[in-house]
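One-letter residues, chain by chain:
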Amino acid sequence: MKRLLIALTVLGAVVAPAEADDDTLPSWNDSPAKRAILDFVSRTTTDGSPDFLAPGERIAVFDNDGTLWCEQPMYAQGSFAIDRVKALAPQHPEWQTHQPFAAILAGDRAALAKLDEPQLAALIAATHSGMTTDDFALTVRGWLNTARHPRFHRPFPQLVYQPMLELLAYLRAHGYKTFIASGGGIEFMRVFAEQAYGIPPEQVIGSSGKLKVELRDGRPVLVKLPELNSIDDKAGKPVNIELHLGRRPVMAFGNSDGDQAMLEWTVAGAGPRFALVVHHTDAAREYAYDRQAHVGKLDAALDEAATRGWTVVDMQRDWKTIFPKGPREESR
């Protein structure tokens, strides 16, 4: 019987159910989440399957912060902006008395935790603008090489999630094109996305500021302006995905309410659809947070995942390991 099923599958008459094993997604435990991923990819990439998707339709989008790498206790780009304030402070004595700069320079963590969106926007504008895009990329690259996470004491690009790296590679091996759609800055993420995730710059979507062309030393350059162009969060994610791709994804991965609109829009399309929410439940190996979190709040999207049957990853239960192996990481 087994030989008959194999023969029929090869001929395209039967799609055998995907089975989880240790060779596929090895950092994932054999859980419903892993089996759901394998099943969906099998159904959409097997010739003869009623859910087969042509390669051009195999589009998967991933949030970045909290989905592909650690976002606690603060977004990495927020840490970058804070370090930039400290570095630029000698040129801006007025920052000593103006928020949010004064709180940063005084090390006032309580005040920093209460920063509102206009203050955060002012912080990003002040620390990211005025330089060329090339100079900004060099600055970000230098910071990523030297900055360390306050808890794990490792460079931020080492705090990517090993199970998600395996998932990205697995999807690409099956003809899927992988994109980032994040609230983080597009130019910030493009510096490291290809090396960290295998996702090239042109497949990164994020929040953006306005640019202008200038001649400097006789050559045209792009200069970052202190004005927002687009916020790639919540309802902004589907809009920006459509603008950049012109095609609705069939798979979407997120971890917070900021990703809810992207997940909803993805599964609303015709044909096979897949949505996954990463639930941070592992305080020992990473962090445990959801409904009351100041960063990466997961509340309405968690309820909707249960209602709609989206796949939810319980990090403590479903992942054998969190980060690529290092001195502070242990497997389960």
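Below: a short report on this structure. From a predicted model like this one, the values you see are computed outputs, not experimental measurements.

A short note on a nonpolar patch on the surface
For step 1, the next point in the chain: On the surface, a cluster of nonpolar side chains totalling about 250 Å² of accessible area is made up of L211, V213 and L222.
For step 2, the next point in the chain: The topology assignment puts L222 in strand β4 (residues 219-230).
For step 3, the next point in the chain: With relative accessibility at 37%, the residue L222 sits in the partly exposed group.

Regarding unusual backbone geometry
For step 1, the next point in the chain: Of note, the bond from Q72 into P73 is cis; its omega dihedral lies within 30 degrees of zero at -5°.
For step 2, the next point in the chain: Within the secondary structure layout, P73 lies in the loop between β1 (59-62) and α3 (76-88).
For step 3, the next point in the chain: Its identity is not glycine, yet H153 carries a phi of approximately 55°, on the positive side.
For step 4, the next point in the chain: Secondary-structure assignment places H153 in the loop between α7 (133-146) and α8 (162-173).
For step 5, the next point in the chain: By relative accessible area, H153 is classed as partly exposed at 47%.
For step 6, the next point in the chain: One non-glycine residue with positive phi stands out, namely D217, at about 55°.
For step 7, the next point in the chain: With respect to the helices and strands, the residue D217 is situated in the loop between β3 (204-216) and β4.

Comments concerning the pairing of strand β2 (residues 177-185)
Within a regular beta strand, the side chains point alternately toward one face of the sheet and then the other, so they alternate between its two faces.
For step 1, the next point in the chain: Across the nine residues of β2, seven count as buried, placing the element largely inside the fold.
For step 2, the next point in the chain: Here β1 runs beside β2; their pairing, made up of four bridges, is parallel. Along β2, the bridge assignment pairs A60 with T178.
For step 3, the next point in the chain: As paired strands, β2 and β3 are joined by three bridges and run parallel to one another. In the sheet register, A181 faces β3, and the bridge partner there is I205.

Some words on helix α10 (residues 236-245)
Side chains three or four residues apart in an α-helix point the same way, a direct result of the helix having 3.6 residues per turn.
For step 1, the next point in the chain: Among the residues of α10, those classed as buried are G236, K237, P238, N240 and I241.
For step 2, the next point in the chain: Close packing links the buried residues of α10 with β1, β2, β3, β4 and α11 (260-267).
For step 3, the next point in the chain: After α10 finishes, the residue G246 shows a positive phi value of roughly 70°.

Observations concerning the packing of helix α2 (residues 32-45) against α8
For step 1, the next point in the chain: Two elements in contact, α2 and α8, have axes separated by 11 Å at closest approach and are oriented at 15°. Regarding the angle of α2 to α8, the classification is roughly parallel. Every pair of crossing elements has a handedness; the one defined by α2 and α8 is right-handed. Counted together, I37, L38 and V41 of α2 and L167, Y170 and L171 of α8 form the full contact between these two elements.
For step 2, the next point in the chain: Residues of the contact of α2 with α8, tallied by class, amount to six nonpolar, no polar and no charged.

Rules behind the numbers
In every chain, residue numbers begin from 1 and rise along the written sequence. Given that the model is predicted, a residue must reach a pLDDT of at least 70 before its local features are reported, and side-chain atom pairs must reach 80 or more before they are shown or counted; all residues, however, enter totals for whole chains, interfaces and linings. Only heavy atoms go into the side-chain values, all of them from the structure, while hydrogens and water stay out. Residues enter patches when they are more than 30% accessible in relative terms and free of salt bridges; like-charged ones are connected within 9 Å and nonpolar ones (Val, Leu, Ile, Met, Phe, Trp, Tyr) within 5 Å. To measure how exposed things are, a 1.4 Å probe is used in the Shrake-Rupley method; for residues, cover is taken only from the protein chains shown. Basic side-chain nitrogens of Lys or Arg form a salt bridge, by our definition, when they fall within 4 Å of a carboxyl oxygen of Asp or Glu. The helix count covers DSSP runs of H or I at least four residues long, the strand count covers runs of E at least two residues long, and both are numbered beginning at the N terminus. Each residue is assigned to one of three classes by its accessible area relative to the maximum for its type, calculated with a 1.4 Å probe on protein chains only: buried under 20%, partly exposed between the two thresholds, exposed over 50%. Note: two strands are recorded as paired if DSSP finds a minimum of 2 bridges between them. When checking whether two residues touch, look at their non-hydrogen atoms; a contact exists if any pair is within 4.5 Å. Each axis is a line fitted through C-alpha atoms, and for a helix only the stretch in contact is used; angles between axes span 0 to 180 degrees, taken between their N-to-C directions. Throughout this description, any angle smaller than 35 degrees is read as roughly parallel, any larger than 145 degrees as roughly antiparallel, any in the 65 to 115 degree range as roughly perpendicular, and the remainder as oblique. In this scheme, a crossing is called left-handed if the near helix is turned counterclockwise away from the far one by less than a right angle; it is called right-handed if the turn is clockwise. Think of it as three bins: nonpolar holds Ala, Val, Leu, Ile, Met, Phe, Trp, Tyr, Cys and Pro, charged holds Asp, Glu, Lys and Arg, and polar takes everything else, Gly as well.

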